[in-house]
Amino acid sequence: MSTFLSKNKTLFYLLSLYCHQKGSTFNQQQLAALLHISTKQLNRYLKLFQQHNWLTYQAGNGRGHLSKIQWHQDIEKMIVDAMKPHISVMTMMDWEELFAFPHLTDSLAISLKQLYQQNITNNILYNERLIVPIYHPIYNLQPNQVNDAYSAALLSNITNRLVEADTNGAIIPSLAHHWKMNDQKLRLYLRKNVTFHNGDLLTAKDVAWCLCQLLHLPLWKPIQEITIVDTWTIDIILSESCTYVLDLLTDIQSSIYKIEDNVVYGTGSFAISTYTDDQIILKAYDNYFGMKALLQTVELNLLPKTLNSFFQTNFSTSIHHKKMNIQNGICAIILNKNTEVCSTKAQRQHLKNIIHKHLFTLLQKDSSLKNHLSYFNSSIPPLCRNENLKIAVSKRKSKLNQLLVSSFKRYGFQPQVDTLTLSQYIKYSLQQLNHDVFVYTNVVSIPTAFHKLQAMFSPDSPIYKVCKDDLYFSNILNQFKCASKTEWPLLYDALNNHLMEEAILIPLFTNIDEIPFAHDILELNFNYLGYIDFSTIWYDKEESL
């Protein structure tokens, strides 16, 4: 596929010459080789640039004599000005190519980033808009099928649950304004003034349809059926006592939605007005049953991974920003006890010792990570024979992948690595776990004990796939059904410790991300699931002037 630079050869070679030719003198053959063109082509472009009065070129005559260039204009400004008429049609691939350009100067990189910011903020001063950078496409907006943090974060702003949990875990009303519960059933009374983003009125029929999509999940087994009492009332009938039913309804997969012509509609404070591969635009929903969002528009733009952007408003005039540190997820290794090479605790412990010994020092040096490993001083004997080891790891974890491979090779293993893109990673979570070693990433750091346990017992969790037939695992699941809220953290800790003791779960680190925000953004809140609540954000226009 052709890109902006490939279509604009003159600009491409001017940029290439400028970035590669830092000094005033150069060897023609060497420079031509760096630019991947012949010396004849190089001379032709040099003469063209000289005709435009961009530079003066003096050829070196004879062996050992260097050629000379004297730049006449502000070439960086000229390059940026030449791009301005084209930025409205430039794609993500074009920007990715520019930001990854070899030997790009720092000042030109800053100018290009400002040009990109100008592009995404052009012609949007007519309303209050928050501009949010995203670095991964949104793959799924159907709540009951969501199994990645990025889609879930978006859905938390465009859908509602029947009930919500506050930051302390207390259940509060949402689509259901009231409820009654006993050992046999949970009755929920719906608000009567709620509409989906397509204008349809929310009824008990919509709620029952959404919840019935979830009855096959392990934690939903105590629920026998969902029944419609009347237009505004539903019953959740229990086949056995279950203390976590209300909390189950706070999960993102329990969001209430409807599908019409393959479009998902929610009831949340924001509705989707534009949805493409590169951009998602959310508009404040005027008929929202709660408080209308303080911002009119939220624009999520897919950025090249090499571009470090920040949350800003369309009135932001400064490139300076404030930062917020959050723990946004963990990275762990799952050893699959259902494969031959990891079938015994001794085999898994051997792999665990290797991981601890060789990854500890690396993780300890990275200040952006909270290291969960401890150093193993004991010597680790190599295997008597070579052993194949199948590893699955995210493509983004290339450094971790290389270290794992080199570490295992030292002890007689022959690693076979599958590096997965994010989309492959998400699809893989729906399949059986066939690898010996699975590097588990992109796990949202959820504060409540319920959601930590729920993550363990979710069918798309590698822990569930590995341990669903394990007696101890099943026992914790059964205890969870009738345990009190105060006992949930104890159950989670017991299960977590068991998995680590059995060398099934090896936590590596927690990501500590610095998220940059424009100075004029105020009232930034994270909801109980750890996602940013766009509806509460507002900003001071005067601060940005």
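Attention in this report is confined to the structure presented alongside it. (Residues numbered from 1 in each chain as written. Predicted model: local features only at pLDDT ≥ 70, side-chain atom pairs only at ≥ 80, totals over all residues. Heavy atoms only, no water.)

### Some words on the overall build of the chain
Formally: In DSSP terms, a helix is any run of H or I states spanning at least four residues, a strand is any run of E spanning at least two, and both are numbered starting from the N terminus. For every residue, the accessible area obtained with a 1.4 Å probe (protein chains only) is divided by the maximum for its type, and the residue is called buried under 20%, exposed over 50%, and partly exposed between those limits. Charged residues are defined here as Lys and Arg on the positive side and Asp and Glu on the negative side; His and the ends of the chain fall outside this count. Taken as the charge centre is NZ of Lys, CZ of Arg, CG of Asp or CD of Glu, depending on the residue.
When you go through the chain residue by residue, the secondary structure sums to 17 helices and 24 strands. Along the first, second and third principal axes, the C-alpha set of the chain runs to 95 × 70 × 40 Å. Counting over 545 residues, the chain shows a buried share of 52%. Where the 48 positive side-chain charges of the chain centre and where its 46 negative ones centre are 9 Å apart.

### Here's the deal with the pairing of strand S10 (residues 233–238)
What counts, and what does not: Here a strand pair is declared whenever DSSP counts at least two bridges between the two strands.
Burial within S10 is extensive, with six of its six residues counted as buried. Where burial is concerned, the two faces of S10 agree: the one with Thr233, Asp235 and Ile237 and the one with Ile234, Ile236 and Leu238 are both buried. In terms of strand pairing, strand S8 (residues 185–190) meets S10 through five bridges, oriented antiparallel. For Leu186, the partnering residue across the bridge sits in S10 and is Ile236. Hairpin geometry of strand S9 (residues 223–230) and S10 is characterised by an intervening segment of two residues between the two adjacent antiparallel strands.

### What about the environment of Lys397?
As a reminder of what qualifies: Residues are treated as being in contact if the distance between any of their heavy atoms lies within 4.5 Å.
Note on placement: Lys397 falls in the loop between strand S19 (387–394) and helix H12 (398–409). Here Lys397 falls in the buried class, since its relative accessible area comes to 16%. Among residues more than four places away in sequence, those in contact with Lys397 are Thr441 and Phe509.

### As for the sheet that holds strand S16 (residues 312–313)
Note on sheets: strands pair through backbone hydrogen bonds, and any given pair is parallel or antiparallel. Pairing is mixed in the open sheet, where five strands are placed in the order S13-S14-S15-S4-S16. Every other strand in the sheet has two partners, leaving strand S13 (270–275) and S16 as the edge strands with one partner each. For strand S4 (residues 129–134) and S16, the ladder comprises two bridges, and the chain directions are antiparallel. Counted as the bridge partner of Leu130 is Thr313 from S16.

### Some remarks on a nonpolar patch on the surface
The following threshold applies: Without a salt bridge and with relative accessible area above 30%, a residue can belong to a patch; like charges are then joined within 9 Å and nonpolar side chains (Val, Leu, Ile, Met, Phe, Trp, Tyr) within 5 Å. Where accessible areas are quoted, they stem from the Shrake-Rupley method and a 1.4 Å probe; at the residue level, only the protein chains shown are allowed to cover. We define a salt bridge as a contact between a side-chain nitrogen of Lys or Arg and a carboxyl oxygen of Asp or Glu at a distance within 4 Å.
Together, Met291, Leu294 and Trp538 give the surface a local cluster of nonpolar side chains, amounting to about 300 Å² of exposed area. Inspection of the secondary structure puts Trp538 in strand S24 (residues 538–539). Looking at Trp538, the relative accessible area reads 37%, which means it is partly exposed.

### Considerations on the environment of Val437
Here Val437 lies in strand S21 (residues 437–443). Residue Val437 is classed as buried on the basis of its relative accessible area of 0%. When the C-alpha positions of Val437 and Val341 are compared, they lie 9.8 Å apart, and in sequence the two are 96 residues distant. Not counting residues up to four positions away in its chain, the partners in contact with Val437 are Ile333, Ile334, Leu335, Leu389, Lys390, Ile391 and Ala392.

### Overview of the side chain of Ser254
What counts here: N or O atoms closer than or at 3.5 Å make up a polar contact, with two conditions inside protein: a donor-capable atom paired with an acceptor-capable one, and, for residues adjacent in sequence, both atoms drawn from side chains.
The residue Ser254 is located in the loop between helix H10 (245–248) and strand S11 (258–260) in this model. Residue class for Ser254 comes out buried when judged on its relative accessible area of 3%. At a separation of 2.8 Å, a polar atom in the side chain of Ser254 contacts the main-chain carbonyl oxygen of Leu248. Those residues in contact with Ser254 that lie beyond four places of it in its chain are Arg161, Leu211, Leu214, Trp220, Leu248 and Leu249.

### Re H12
Stated precisely, the cut-off is as follows: Take the residue count of a helix, subtract one, and multiply by 1.5 Å to get its expected span. Working definition: the arc comes from the directions between the helix axis and the C-beta atoms, pointing outward to the latter.
Given a rise of 1.5 Å per residue, twelve residues ought to cover 16 Å, and the 17 Å separating the end C-alpha atoms of H12 matches this to within 8%. Among the residues of H12, those classed as buried are Leu400, Asn401, Leu404, Val405, Ser407 and Phe408. For H12, the angular spread of buried residues about the axis comes to 165°, placing them on one side. For H12, exposure combined with an orientation more than 90 degrees from the buried face picks out Lys399, Gln402 and Lys409.

### Observations concerning the pairing of S9
The pairing of S9 with S10 spans six bridges and is antiparallel. Across the sheet, residue Ile228 finds its bridge partner in S10, namely Ile234.

### What to know about the sheet that holds strand S1 (residues 25–26)
Here is the rule we go by: The convention used is that axes are lines fitted to C-alpha atoms, helices contributing only their stretch in contact, and that angles between N-to-C directions extend from 0 to 180 degrees.
Taken in spatial order, the three strands of this open sheet run S1-S3-S2, and their pairing is antiparallel. If you trace the sheet from one side to the other, it starts and ends with S1 and strand S2 (55–58), each paired once. Across two bridges, the pairing between S1 and strand S3 (residues 67–71) is antiparallel. The residue bridging Thr25 from the neighbouring strand is Lys68, located in S3. Against the sheet, helix H4 (residues 39–51) engages S1, S2 and S3, with an angle of about 140° to S2.

### Structural notes on the packing of aromatic side chains
To keep things clear, this is the line we draw: Each Phe, Tyr or Trp ring, with Trp reduced to its six-membered ring, pairs with another whose centre is within 6.5 Å; inter-plane angles below 30 degrees give stacked pairs, above 60 give edge-to-face pairs, and intermediate values give tilted ones.
By the definition in use, this model includes 19 aromatic pairs. A centroid spacing of 6.0 Å and a plane angle of 35° characterise the contact between Tyr45 and Phe49, whose relative ring orientation is tilted. With Tyr45 and Phe49 both in helix H4 and four residues apart, the pair spans about one turn of that helix. Across the pair, Phe49 and Tyr45 agree in class, each one buried. Consider the rings of Phe311 and Phe517, whose centres lie 4.7 Å apart with planes at 45°: the pair is tilted. You can see Phe311 sitting in the loop between strand S15 (297–302) and S16 and its partner Phe517 sitting in strand S22 (residues 505–518), a full 206 residues away along the chain.

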